[in-house]
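These are the residues of each chain, in order.
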Amino acid sequence: MSTAVLKTEVRLFRREPGAIFWILLFPTLLLVILGSIPSFRDHQADLGGLRTIDVYVPVAVLLGMIVGGLQAMPQTLTGYRERGILRRMATTPVRPSALLSAQMAVYGGAALVSALLALAVGRLGFGVRLPQQPLGYVLALLLAVLAALALGSVVAALSRTTKIAGAIGSAVFFPSMFCAGVWAPVQSMPHLLARIVGCTPFGAAAQALNQAAAGHWPGWSHLGVLVVWILLLTGAASRWFRWE
Amino acid sequence: MWRQGASREPDAMPVIEVTELRKSYGGRTVVDGVSFAVEEGEIFGILGPNGAGKTTTVECVEGLRVPDAGRVRVTGLDPVADHARVARVLGAQLQQSELQPKLTVREALELYASFYPSPLDWAPLAERLGLTAKLTTRFGKLSGGQKQRLFIALALIGNPRVVVLDELTTGLDPRARRDTWALIEDVRASGVTVLLVTHFMEEAQRLCDRIAVIDKGRVAALDTPAGLIRRSAGATVISFTPSAPLDDRDLAVLPALASVEHKDGRITLSGTDETVNAVITLLARHRITAHQLRVVDATLDDAFLDLTKADTKEEAA
């Protein structure tokens, strides 16, 4: 990791209004819109007495990392490869892997900032309680970010052009959003569907975050699913990634 | 401005050494046994038609490609195994590459300067390449020539011992091209070794101390520009408009004749000084006056065409 490269990539990220909006602001904006619907602030018996807005905070938290990891990062990395930016970097003492790790740091960092923003707005705007098991929450959050970055790296590895990266990214994006619970939170899914979704990285992350939010230590099965995905995806990305 | 604080003891070891280099892609041999050595402080040219293997050869020197066979050494180091150390002393300008579109010229110079242990001061370098007015412009907004000049600056910013320039002046206007040539001469004058890939004969003739002509993955010739011209069959070109028709049979038997061409009553012959003397004797014997007689040395262009053509013949035989 080169700090100069990281600084540059942070600076370049700040010049991408689209990425800033979709990663940092959109998840919280969605939360605000949903929270403005009066019925979403009512306690629901089928959500275990929680309000809809309560279960959408973890969804918003995951949304930023899905957009950043699956949509933004693979497109940027594929563009860097396509344009020969990685090649140019390969002739310097700093290897092109410095760009790769800087990109992961930028999008991982942005996803965490986005998550903090969603938690803060949920707490201040709608009285959603902060995670009751903070340590477990942070652990689940970090694993989810790693999984998103690993999945994004696989997309970047498999895509020869930015167009393909966009297409594969979208193909993985919608199922990921579904698993994270954007359309229906995991708690309200039928049992079997919830079990299946729980085997996907973002489904497992959503359930781990929910548990930690409610004050329990996140289930080892969910954390384990995340770890397995991270290992598998990282292995696949490093095997298939091409520098040019 | 160049090689600040660099002290080097003279040594006999070539700065770049390429021995029997081979590289093929998917069964197609691109580089087929290329060997050459570039001495310290030399401007060494690699000349050749498109697809001759020039770029692949220099990419092996830069450590971007792993040779299938053969040996490449830069300052005695293997560019692949010893990449970090080679990268510190080698500056590269690639034939096709870009930067992040929203990175400004100044940020690019500062970023790349930060990669090297003792970089040049970027401000005078930018000034020298006419980039001072563009420092806050983003890469994506630069013209082709400005991008090219920025890449030349980035090749030099690390204060390298060796620079590899692939298609140095492609995309530059004639004025910028001449300025760039002067810059490269200055860089060399400070002791930097230059490996230059080009297909501009004028550029090669002006800049290079020695040239390797690469054709079909092999070194077809390696000599000074003047040596290459001398070596080619038609090193001297004689042209004139005869006052009376000349018999082609008389022309055909001229000594050391390489080619004969008739156009609009004008005859152009190429050969050697011996050919010139024989033509003059022939004309005198037939009492023919040679109007607008011109005797010129062939250019590198002619030599290049001759060298790469000869290679085709050999292959056909």
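Further up the page is the structure itself.
No experiment lies behind these values; they were computed from the predicted model shown.

Criteria and cut-off values
Residues numbered from 1 in each chain as written. Chains lettered and ligands numbered in written order. Predicted model: local features only at pLDDT ≥ 70, side-chain atom pairs only at ≥ 80, totals over all residues. Heavy atoms only, no water. Helix = DSSP H or I, 4+ residues; strand = E, 2+ residues; numbered from the N terminus. Buried < 20%, exposed > 50% of the residue type's maximum accessible area, 1.4 Å probe, protein only. Contact = heavy atoms within 4.5 Å. Areas by Shrake-Rupley, 256 points an atom, 1.4 Å probe, with all protein chains shown as cover. Lys, Arg positive; Asp, Glu negative; His and termini not counted. Charge placed at Lys NZ, Arg CZ, Asp CG, Glu CD. Axes fitted to C-alpha atoms, helices over the stretch in contact; angles between N-to-C directions. Parallel < 35°, antiparallel > 145°, perpendicular 65-115°, else oblique. Left-handed = near helix turned anticlockwise from the far one by under 90°. Nonpolar A, V, L, I, M, F, W, Y, C, P; charged D, E, K, R; others polar. Core = buried A, V, L, I, M, F, W, Y, C linked by side-chain atoms within 4.5 Å. Pairing = 2+ DSSP bridges. Salt bridge = Lys/Arg side-chain N within 4 Å of Asp/Glu carboxyl O. Patch = residues over 30% accessible without salt bridge, like charges linked within 9 Å, V, L, I, M, F, W, Y side chains within 5 Å.

### Considerations on the overall build of chain B
- Counting its regular elements, chain B contains 11 helices and 13 strands.
- Dimensions along the principal axes, computed over C-alpha positions, put chain B at roughly 75 × 45 × 40 Å.
- Out of the 317 residues in chain B, the part that is buried amounts to 51%.
- Considering only residue pairs separated by 6 or more positions, chain B has 69% of its internal contacts joining residues 24 or more positions apart.
- Approximately 14300 Å² of chain B is accessible, and the part contributed by carbon and sulfur atoms is 49%.
- Where the 38 positive side-chain charges of chain B centre and where its 43 negative ones centre are 4 Å apart.

### Details of the packing of helix α6 (residues 134-158) of chain A against helix α9 (residues 201-213) of chain A
Residues and elements named next belong to chain A.
- Between α6 and α9, the shortest axis-to-axis distance is 9 Å and the interhelical angle comes to 165°. As far as their axial angle goes, α9 and α6 are roughly antiparallel. Crossing hand, α6 versus α9: left-handed. Here α6 contributes Gly-136, Tyr-137, Ala-140, Leu-141, Ala-144, Ala-147, Ala-148 and Leu-151 to the contact with α9, which in turn contributes Pro-201, Phe-202, Ala-205, Ala-208, Leu-209, Ala-212 and Ala-213.
- Split by residue class, the contact of α6 with α9 holds 14 nonpolar, 1 polar and no charged.

### Notes on the nonpolar core
- Val-61 of chain A together with Leu-109 and Leu-150 of chain B are the most contacted members of the largest nonpolar core, which totals 132 residues.
- Per-element tally for this core: the top contributor is helix α3 (residues 52-82) of chain A, with 16 residues.
- Those residues within four positions of Leu-109 of chain B in sequence are excluded, and the remaining contacts are Trp-122, Ala-126, Leu-135, Leu-150, Ala-153, Leu-154 and Ile-157 of chain B.
- By size, the runner-up hydrophobic cluster in this structure holds 30 residues, among which are Ile-16, Phe-44, Val-86 and Val-164 of chain B.

### Describing the packing of α6 of chain A against helix α10 (residues 220-240) of chain A
Residues and elements named next belong to chain A.
- With their axes 8 Å apart at the nearest point, α6 and α10 run at an angle of 25° to one another. Taken together, the axes of α6 and α10 lie roughly parallel to each other. Considering how the two elements wind past one another, α6 and α10 form a crossing that is left-handed. Contacts between α6 and α10 involve Leu-139, Ala-140, Leu-143, Ala-144, Leu-146, Ala-147, Ala-150, Leu-151, Ser-153, Val-154, Ala-157 and Leu-158 on the former and, on the latter, Leu-223, Leu-226, Val-227, Ile-230, Leu-233, Thr-234, Ala-236, Ala-237 and Trp-240.
- Considering only residue class, the contact of α6 with α10 consists of 19 nonpolar, 2 polar and no charged.

### A few points about the sheet that holds strand β1 (residues 16-25) of chain B
All names here are of chain B.
- An order of β2-β1-β4 is seen for the 3 strands of this open sheet, with the pairing classed as antiparallel. Whereas interior strands pair on both sides, the edge strands pair on one side only; in this sheet they are β2 (28-38) and β4 (69-74). Geometrically, the sheet is characterised by an average inter-axis angle of 25° between neighbouring strands, direction not taken into account.
- When β1 meets β4, the two strands line up antiparallel, connected through 5 bridges.

### Let's talk about the environment of Leu-223 of chain A
Residue and element names in this part refer to chain A.
- On the secondary structure map, Leu-223 appears in helix α10.
- Distance from Leu-223 to Ala-150, taken between C-alpha atoms, is 15 Å for residues 73 residues apart in sequence.
- Once residues lying within four places of it in the same chain are set aside, the contact partners of Leu-223 are Leu-139, Ala-140, Leu-143, Ala-208, Trp-217 and Pro-218.

### Observations regarding the sheet that holds strand β12 (residues 266-271) of chain B
All names here are of chain B.
- Read from one edge to the other, the open sheet built from 4 strands follows the order β11-β12-β10-β13, with strand pairing classed as antiparallel. Across the chains shown, the open sheet's two edge strands, defined by having one partner strand only, are β11 (259-263) and β13 (290-297). Pairwise comparison of adjacent strand axes, ignoring direction, gives a mean angle of 15° for this sheet.
- The pairing of strand β10 (residues 236-242) with β12 spans 5 bridges and is classified as antiparallel. Bridge pairing in β12 places Thr-236 opposite Gly-271.
- Along the sheet, helix α10 (residues 273-285) contacts β10, β12 and β13; its crossing angle with β10, the most-contacted strand, is approximately 15°.

### Observations regarding the environment of Thr-234 of chain A
All names here are of chain A.
- Relative to the helices and strands, Thr-234 is located in helix α10.
- Thr-234 sits in the partly exposed class, given a relative accessible area of 40%.
- Sequence separation of Thr-234 and Gly-64 is 170 residues, and the distance between their C-alpha atoms is 20 Å.

### A closer look at the pattern of salt bridges
- The final tally for this structure, using the stated rule, is 23 salt bridges over all chains.
- The salt bridge partner of Lys-102 of chain B is Glu-16 of chain A, with a shortest N-O separation of 3.3 Å. Of this pair, Lys-102 of chain B sits in the loop between β5 (90-93) and α3 (105-113) while Glu-16 of chain A sits in the loop between α1 (3-14) and α2 (17-35), placing the two residues on different chains.
- Close ionic contact of Glu-59 of chain B with Arg-65 of chain B constitutes a salt bridge, the shortest N to O distance being 2.5 Å. Residue Glu-59 of chain B shares its accessibility class with Arg-65 of chain B, and that shared class is buried.
- Salt bridges sharing common partners tie together Glu-20, Arg-22, Asp-32 and Arg-218 of chain B.

### Details of a nonpolar patch on the surface
Residue and element names in this part refer to chain A.
- Taken together, Phe-21, Trp-22, Leu-25, Leu-29, Ile-33 and Leu-117 make up a surface patch of nonpolar side chains, about 530 Å² in accessible area.
- Looking at which element gives the most residues to the nonpolar patch, the answer is α2, with 5 residues.
- In this fold, Phe-21 is placed in helix α2.

### With respect to the pairing of β10 of chain B
Residue and element names in this part refer to chain B.
- Buried residues dominate β10, accounting for 6 of its 7 residues.
- Taken together, the 6 bridges between β10 and β13 define a ladder with antiparallel strand orientation. Its bridge partner lying in β13, Ser-239 is registered against Arg-294.

Interpretation note: all reported values are geometric properties and have no functional meaning in isolation.
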